[in-house]
Amino acid sequence: MQMNANYTSLVAVGDSFTEGMSDLLPDGSYRGWADLLAARMAAQNPGFRYANLAVRGKLIGQIVAEQVDVAAAMQADVVTLVGGLNDTLRPKCDMNRVRDLLEEAVERLAPSCKQLVLMRSPGRNGPVMERFRPRMEELFTHIDDLASRHGAIVVDLYGAAALGDQRMWDVDRLHLTAEGHRRVAEAVWQALGYPPEDDWRLPLSAAVPLKWAARRVADARFARQHLAPWIVRRLTGRSSGDGRPPKRPELLPYDGPLP
């Protein structure tokens, strides 16, 4: 960790997690942890530049093909790379290929920046998490190994119990709420050597259990509004990110709102 950090640019690479879903703004756009982090870093450095190449739904192969070389060419001080989790959620997932592609991404990005940041992504507690946990942990072990070999920082969000709390997740059960994104931004901020502003690992207050009927209503709404469309996209080979451009494709001075 570098204390008194002084970074002048940030490029974020990844999928919906880095795009900022489901931290919804009044105008219908998404903010997310990377925007929050960029705003805080910009407040420390006038002229700070920021690009966010993330697109929802992208698999690690698409991230490597569409984002990695673009990010490397920007020669930013900090590059964040989060990818591969969408692959692990597919019924058929070639983990050897996922590991190889992630290694390819790290090998291209690490020499292009002052500091590469990788993450052990958070997961929502529940039966779905338990089904895919072995794949996720295999991915995270590989991330730890890549970081040790290439001088990257690993932000361990997976190890934070607070981020597994179901209240940190939106109704789609796939994306963090605004509070979840705020905590991720704080976690990366601290990992980069900036002084802590709060304890992002702090557990939420005790939850009031939902009654059986309320849980069934929530499950039915989730299945109708989110699970069914997700299954249809998988069966038809489509993605929520098809045809969608990167969130912020150029490395330009950050002029967004402060968090």
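The structure under discussion appears in the preceding block.
Q: Any details on the overall build of the protein chain? Residues and values, ideally.
A: Along the protein chain, the regular secondary structure elements total 8 helices and 6 strands. Listing each helix as α and each strand as β along the protein chain from the N terminus yields β-α-α-β-α-β-α-α-β-α-β-α-α-β. Intrachain contacts of the protein chain at a sequence separation of at least 6 include 77% that bridge at least 24 residues. Per element, the accessible surface of the protein chain, about 12600 Å² overall, is 55% carbon and sulfur.

Q: Pulling in residues and values, what's your account of the sheet that holds strand 6 (residues 248–253)?
A: The 6 strands lie next to each other as 5-4-3-1-2-6, forming an open sheet whose pairing is mixed. On the outer flanks of this sheet lie strand 5 (153–156) and strand 6, each paired with one strand and no other. The sheet shows a mean angle of 15° between the axes of neighbouring strands, direction not considered. Sheet strands in contact with helix 3 (residues 60–74) are strand 1 (9–14), strand 2 (49–52), strand 3 (78–82) and strand 6, and its direction is about 170° off that of strand 1. Relative to the sheet, helix 5 (residues 95–109) contacts strand 3 and strand 4 (115–120), its axis offset from that of strand 3 by approximately 175°.

Q: Tell me about helix 2 (residues 33–44), and name the residues and values.
A: The terminal C-alpha atoms of helix 2 lie 17 Å apart, and with 12 residues this matches the ideal 16 Å at 1.5 Å per residue to within 8%. With 10 of its 12 residues buried, helix 2 lies for the most part within the structure. Trp-33, Ala-34, Asp-35, Leu-36, Leu-37, Ala-38, Ala-39, Arg-40, Met-41 and Ala-42 are the residues of helix 2 that are buried. Its buried side turned inward, helix 2 meets strand 1, helix 1 (16–19), strand 2, strand 3, strand 4 and helix 7 (178–191).

Q: Tell me about the side chain of His-175, and please be specific about residues and values.
A: Residue position: His-175 is located in the loop between strand 5 and helix 7. Accessibility expressed as a relative area gives 11% for His-175, which makes it buried. Side-chain polar atoms of His-175 contact the side chain of Asp-172, separated by 2.6 Å. If sequence neighbours within four positions are ignored, His-175 has contacts with Ser-16, Met-21, Ser-22, Trp-169 and Asp-170.

Q: Can you break down helix 7 residue by residue, with the values?
A: Given a rise of 1.5 Å per residue, 14 residues ought to cover 20 Å, and the 20 Å separating the end C-alpha atoms of helix 7 matches this to within 8%. Burial analysis of helix 7 places 11 of its 14 residues in the buried class, the great majority of the element. In this fold, the buried residues of helix 7 make contact with helix 1, helix 2, strand 4 and strand 5. Where helix 7 terminates, the next one or two residues include Gly-193, which has phi positive at roughly 100°.

Q: Account for the environment of Gln-166, with residues named and values stated.
A: Inspection of the secondary structure assignment puts Gln-166 in the loop between strand 5 and helix 7. Here the alpha-carbon distance between Gln-166 and Asn-125, two residues 41 residues apart in the chain, equals 6.3 Å. If sequence neighbours within four positions are ignored, Gln-166 has contacts with Arg-124, Asn-125 and Gly-126.

Q: Residue-level account of the pairing of strand 2, with values.
A: Judged from the 4 bridges that link them, strand 1 and strand 2 form a sheet pairing that is parallel. The residue bridging Ala-12 from the neighbouring strand is Asn-52, located in strand 2. In this structure, strand 2 lies alongside strand 6, joined through 3 bridges in antiparallel fashion. When the bridges of strand 6 are listed, Tyr-50 appears paired with Leu-252.

Q: For the packing of helix 3 against helix 5, give the residues involved together with the corresponding values.
A: Remark: helix 3 packs on helix 5, axes separated minimally by 10 Å, with the N-to-C direction vectors making an angle of 5°. The angle between helix 3 and helix 5 places the two elements in the roughly parallel class. Across the interface between the two elements, Ile-60, Gly-61, Val-64, Val-68, Asp-69, Ala-71 and Ala-72 of helix 3 pack against Val-98, Leu-101, Leu-102, Glu-104, Ala-105, Arg-108 and Leu-109 of helix 5. Looking at side-chain class alone, the contact of helix 3 with helix 5 contains 10 nonpolar, 1 polar and 3 charged residues.

Q: Requested: an account of the pattern of salt bridges, with residues and values cited.
A: Two side chains carrying opposite charge are able to pair once their charged atoms lie near each other. By the definition in use, this model includes 19 salt bridges. Here Glu-19 ties to Arg-56 by a salt bridge, and the two come within 2.5 Å at their closest N and O atoms. Here Glu-19, found in helix 1, pairs with Arg-56, found in the loop between strand 2 and helix 3; they are 37 residues apart in sequence, far enough to count as distant. Notably, a salt bridge pairs Arg-120 with Asp-144, separated by 2.8 Å at the nearest N-O pair. Taken together, the residues span a long stretch of sequence, with Arg-120 in strand 4 and Asp-144 in helix 6 (residues 127–150) at a distance of 24 residues. Exposure remark for Arg-120: the relative accessible area of 17% places this residue in the buried category.

Calculation notes
Residues numbered from 1 in each chain as written. Predicted model: local features only at pLDDT ≥ 70, side-chain atom pairs only at ≥ 80, totals over all residues. Heavy atoms only, no water. Helix = DSSP H or I, 4+ residues; strand = E, 2+ residues; numbered from the N terminus. Contact = heavy atoms within 4.5 Å. Areas by Shrake-Rupley, 256 points an atom, 1.4 Å probe, with all protein chains shown as cover. Pairing = 2+ DSSP bridges. Axes fitted to C-alpha atoms, helices over the stretch in contact; angles between N-to-C directions. Expected span 1.5 Å × (residues − 1). Buried < 20%, exposed > 50% of the residue type's maximum accessible area, 1.4 Å probe, protein only. Polar contact = N/O pair within 3.5 Å; in protein donor to acceptor, adjacent residues only side chain to side chain. Parallel < 35°, antiparallel > 145°, perpendicular 65-115°, else oblique. Nonpolar A, V, L, I, M, F, W, Y, C, P; charged D, E, K, R; others polar. Salt bridge = Lys/Arg side-chain N within 4 Å of Asp/Glu carboxyl O.

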